[in-house]
Amino acid sequence: MANEVFVIGDGIFEKPDVTEVASGTADAQALPATTDLRLIGFSTKEDAAVAAAAEFILRDGTSVAGKPLAFVRLAADEAESRWFGPEGLPCAAGLFVDRTLGQTHVVVYTKVIE
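Thresholds, definitions, all that
- Residues numbered from 1 in each chain as written.
- Predicted model: local features only at pLDDT ≥ 70, side-chain atom pairs only at ≥ 80, totals over all residues.
- Heavy atoms only, no water.
- Helix = DSSP H or I, 4+ residues; strand = E, 2+ residues; numbered from the N terminus.
- Buried < 20%, exposed > 50% of the residue type's maximum accessible area, 1.4 Å probe, protein only.
- Pairing = 2+ DSSP bridges.

Participant: So what's going on with the environment of A49? Residues and values would help.
Facilitator: Positionally, A49 belongs in the loop between β5 (37-46) and β6 (54-60). Judged by relative accessible area, A49 falls into the exposed class, the value being 83%. Residues A49 and D77, 28 residues apart in the sequence, show an inter-C-alpha distance of 9.9 Å.

Structure, rendered in C-alpha coordinates:
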(Lines give C-alpha, C1' and ligand atoms only; values in the text may rest on other atoms or scores of the structure.)
Protein backbone atom coordinates (compact mmCIF):
# COMPACT_ATOMS: atom_id res chain seq x y z
CA MET A 1 0.00 0.00 0.00
CA ALA A 2 1.38 3.44 -0.95
CA ASN A 3 2.06 6.08 1.67
CA GLU A 4 -0.57 8.76 2.10
CA VAL A 5 0.39 12.22 0.91
CA PHE A 6 0.08 15.63 2.52
CA VAL A 7 -0.24 18.76 0.39
CA ILE A 8 0.92 22.16 1.63
CA GLY A 9 1.50 25.09 -0.69
CA ASP A 10 3.30 23.94 -3.81
CA GLY A 11 4.60 20.71 -2.30
CA ILE A 12 3.33 17.17 -1.95
CA PHE A 13 4.84 15.14 0.87
CA GLU A 14 4.28 11.94 2.78
CA LYS A 15 1.55 12.34 5.37
CA PRO A 16 3.01 13.41 8.73
CA ASP A 17 2.20 11.96 12.12
CA VAL A 18 -0.46 14.08 13.81
CA THR A 19 -0.40 14.53 17.60
CA GLU A 20 -3.08 16.44 19.45
CA VAL A 21 -2.19 18.26 22.67
CA ALA A 22 -5.41 18.67 24.63
CA SER A 23 -6.76 22.12 25.33
CA GLY A 24 -5.41 23.59 28.55
CA THR A 25 -3.30 26.12 30.39
CA ALA A 26 -0.69 23.72 31.79
CA ASP A 27 2.55 22.74 30.07
CA ALA A 28 2.41 19.43 28.22
CA GLN A 29 4.78 16.95 26.63
CA ALA A 30 3.58 16.39 23.08
CA LEU A 31 6.10 13.67 22.15
CA PRO A 32 8.94 11.78 23.86
CA ALA A 33 12.52 11.76 22.61
CA THR A 34 12.67 9.99 19.24
CA THR A 35 15.74 9.56 17.04
CA ASP A 36 15.56 11.75 13.91
CA LEU A 37 12.19 13.30 14.89
CA ARG A 38 11.27 16.49 12.99
CA LEU A 39 8.58 19.07 13.64
CA ILE A 40 7.19 19.93 10.21
CA GLY A 41 4.31 22.10 11.36
CA PHE A 42 1.58 22.85 13.85
CA SER A 43 -1.90 24.27 14.16
CA THR A 44 -3.25 25.96 17.27
CA LYS A 45 -6.12 28.02 18.56
CA GLU A 46 -6.88 30.09 21.64
CA ASP A 47 -9.95 28.44 23.15
CA ALA A 48 -10.62 29.72 26.66
CA ALA A 49 -14.26 29.95 27.78
CA VAL A 50 -13.73 33.71 28.07
CA ALA A 51 -11.57 34.63 25.09
CA ALA A 52 -8.18 36.11 25.95
CA ALA A 53 -4.66 36.30 24.53
CA ALA A 54 -2.50 33.17 24.75
CA GLU A 55 1.19 32.36 24.30
CA PHE A 56 3.32 29.23 24.26
CA ILE A 57 6.75 28.03 23.21
CA LEU A 58 7.30 24.75 21.34
CA ARG A 59 10.53 23.27 22.72
CA ASP A 60 12.92 20.52 21.66
CA GLY A 61 12.89 18.39 24.80
CA THR A 62 10.66 17.19 27.59
CA SER A 63 10.60 20.28 29.83
CA VAL A 64 10.79 24.08 29.88
CA ALA A 65 14.59 23.70 29.73
CA GLY A 66 14.43 22.49 26.10
CA LYS A 67 15.69 24.58 23.19
CA PRO A 68 12.94 26.85 21.77
CA LEU A 69 11.72 25.91 18.30
CA ALA A 70 8.80 28.33 17.88
CA PHE A 71 7.31 31.21 19.84
CA VAL A 72 3.55 31.57 19.37
CA ARG A 73 1.33 34.48 20.42
CA LEU A 74 -2.42 34.40 19.75
CA ALA A 75 -5.02 37.11 20.19
CA ALA A 76 -8.39 36.23 21.72
CA ASP A 77 -10.22 33.66 19.53
CA GLU A 78 -7.30 33.53 17.08
CA ALA A 79 -6.03 30.41 15.32
CA GLU A 80 -2.71 29.92 13.54
CA SER A 81 -0.92 27.25 11.51
CA ARG A 82 2.76 27.11 10.59
CA TRP A 83 4.70 24.92 8.17
CA PHE A 84 8.45 24.35 8.49
CA GLY A 85 9.05 22.66 5.14
CA PRO A 86 9.37 18.99 4.23
CA GLU A 87 12.48 18.46 6.36
CA GLY A 88 11.13 20.39 9.36
CA LEU A 89 12.97 21.34 12.52
CA PRO A 90 15.00 18.74 14.44
CA CYS A 91 13.44 17.78 17.77
CA ALA A 92 14.98 14.39 18.61
CA ALA A 93 15.00 15.31 22.32
CA GLY A 94 11.16 15.31 22.29
CA LEU A 95 8.54 17.99 21.80
CA PHE A 96 7.24 20.08 24.69
CA VAL A 97 4.49 22.72 24.81
CA ASP A 98 5.53 25.42 27.30
CA ARG A 99 2.31 27.37 27.87
CA THR A 100 3.16 30.81 29.22
CA LEU A 101 -0.19 32.63 28.97
CA GLY A 102 -3.84 31.67 28.47
CA GLN A 103 -5.44 28.51 27.12
CA THR A 104 -4.56 26.80 23.84
CA HIS A 105 -5.39 23.68 21.87
CA VAL A 106 -2.41 22.48 19.80
CA VAL A 107 -1.88 19.92 17.03
CA VAL A 108 1.68 19.12 15.93
CA TYR A 109 2.73 17.53 12.65
CA THR A 110 5.93 15.48 12.82
CA LYS A 111 7.86 12.82 10.96
CA VAL A 112 10.94 10.73 11.47
CA ILE A 113 13.64 11.30 8.84
CA GLU A 114 15.06 8.02 7.59
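Participant: Requested: an account of the pairing of strand β10 (residues 95-101), with residues and values cited.
Facilitator: The buried fraction of β10 amounts to five of the seven residues, a majority that puts the element mostly inside the structure. Where strand β4 (residues 28-31) and β10 come together, three bridges link them in antiparallel fashion. Note on β10: the bridge partner recorded for A28 is V97.

Participant: Let's hear about unusual backbone geometry: which residues, and what values?
Facilitator: A positive phi angle, close to 65 degrees, is found at D36, a residue other than glycine. In this fold, D36 is placed in the loop between β4 and β5. According to the relative accessible area criterion, D36 is partly exposed, its value standing at 42%. Positive phi is not limited to glycine here, since D77 has a value of about 65 degrees. Accessibility expressed as a relative area gives 61% for D77, which makes it exposed.

Note that all results are geometric; they support no functional claim without further evidence.
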